[in-house]
Amino acid sequence: MKQSTPVRSPLQSLCQTNIKGCTNCGKCVRECAFLRKYGTPKKIAAEFDPADSMSLHRAFECNLCGLCSAVCPEKLNVDGMFLEMRREAVDRDLVAYPEHKPLLNYEKVGTSRRFSLYRLPEGCKTIFFPGCSLPGTRPDAVHNLLALMHQADPTVGVVFDCCLKPSYSLGREQYVNSMFEEMNDWLLRHGVREVLVACPNCQVMFERLGHGMRVRTVWEALAESGLQPERVAGTVTVHDPCVIRNSEPVHQAVRTLLERQGLVVEEMKHAGKKTVCCGKGGGVNLLNPSLAGEWGELRKKEADGRRVITYCAGCVQALEQHTPTNHLVDLLFAPAQTLAGKKKGAKAPITYLNRLRLKMSFKKKKGNAVLRERSFVAQQALKKRRWKIPFTQILCGIAAAAAGMHWLSL
């Protein structure tokens, strides 16, 4: 690493560790198009110059999927180094990509007062946190999943909000910490002690930044409950989201549910801890679509005509462009339709309308409950606030009007 100017302490440490520890064996390079383009972790770390915007740019072409670290014989934290490089770029305000605006606007909508809702029934200790994509693409599944949870515990609450993973991956560390801490503290103050997530990104965000609450996936809860989904014959393969490559209990829970349905699960070469990115990781699909697309083509080759089942709505959106792909909830609640290729998720802007309708349906539910719409905005965002309305918000306004609501500023 070139010592032209001071850098963040974690970045300096990771660069030095990769320079000293990387043996240039090439195992990670063979697995990754990004590393084939720029070289081994040792080479990238040694050439890194924090004062050079082009040097900072490289990290934004990495999907941060962690496969490099997973296959590294030296157990180096390679993807962690690239995340720290992104954070360095944000701190220096040297790199800003207009291509990332749609992703950040999407996140902003998710944390807004208009789209957020916290509904905690009396005595609530556990909440269901479905994330952003699943409520938009498959709102009925959110109702179905919560109904199953209520069979065991009718006090389970529901929270519609964004976990801030887009900003986290783009290096906006201070903003993410401020926004997430406000959400976490509010939940703790209101007695919540467990979070059930449906999205793998939400899982890692609560595990990394959350405190005082147990984090589990709905898939683990359903597998433990002894749920027996409608049986159907067929063969599928599973794409494990890269962000939870080390969450073996979740991998197993998903396969348990599929096997209970009578399905045969045939594994691809890259699965579990060695899974690959769908292509959307780190926003690379927005900045370098061709580089991101190589992951989808790899998945298509490994699936070899078998229907891919995953448990991340974002992964479905990325992979279905390359090979037949469905969300796990499609199989759980509509197995025959799914295997026939007739079950699809909604697309934007309908996804925004679905989220608004879903929120309002829970807001109007009868029964004693604590209700909250999030209005907190981190100071880092307020300082850079612009009054120009993003196109995404215009779509949201159209969706709100279609839902018969009064449109308010986000």
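Before any of the text, the structure's been laid out above.
Thresholds applied
- Residues numbered from 1 in each chain as written.
- Predicted model: local features only at pLDDT ≥ 70, side-chain atom pairs only at ≥ 80, totals over all residues.
- Heavy atoms only, no water.
- Salt bridge = Lys/Arg side-chain N within 4 Å of Asp/Glu carboxyl O.
- Helix = DSSP H or I, 4+ residues; strand = E, 2+ residues; numbered from the N terminus.
- Buried < 20%, exposed > 50% of the residue type's maximum accessible area, 1.4 Å probe, protein only.
- Pairing = 2+ DSSP bridges.
- Axes fitted to C-alpha atoms, helices over the stretch in contact; angles between N-to-C directions.

Let's talk about the pattern of salt bridges
Opposite charge on two side chains permits pairing when their charged atoms draw close. Here the structure, examined in full by the defined rule, presents 27 salt bridges. Notably, a salt bridge pairs Asp91 with Arg8, separated by 2.8 Å at the nearest N-O pair. Here Arg8 lies in the segment before helix H1 (9–21) and Asp91 lies in helix H7 (residues 78–92), a separation of 83 residues in the sequence. Judged by its relative accessible area of 45%, Asp91 is partly exposed. A residue is classified by how much of its surface remains accessible, and Arg8, at 16% relative accessible area, is buried.

Here we look at the sheet that holds strand E3 (residues 157–160)
Reading across the sheet, the six strands line up as E5-E4-E2-E3-E1-E10 and stay open at both edges, with mixed pairing between neighbours. On the outer flanks of this sheet lie strand E5 (214–217) and strand E10 (369–372), each paired with one strand and no other. With strand direction ignored, the average angle separating the axes of adjacent strands in the sheet is 20°. Here strand E2 (residues 126–129) pairs with strand E4 (residues 194–197) via four bridges, running parallel. Its bridge partner lying in E4, Phe128 is registered against Leu196.

Considering unusual backbone geometry
Ala348 connects to Pro349 through a cis peptide bond whose omega is 5°. One can find Pro349 in the loop between helix H20 (335–339) and helix H21 (350–363). At Asp93, a residue that is not glycine, the phi angle is positive and equals roughly 55°. For Asp93, the location among the structural elements is in the loop between H7 and helix H8 (101–110).

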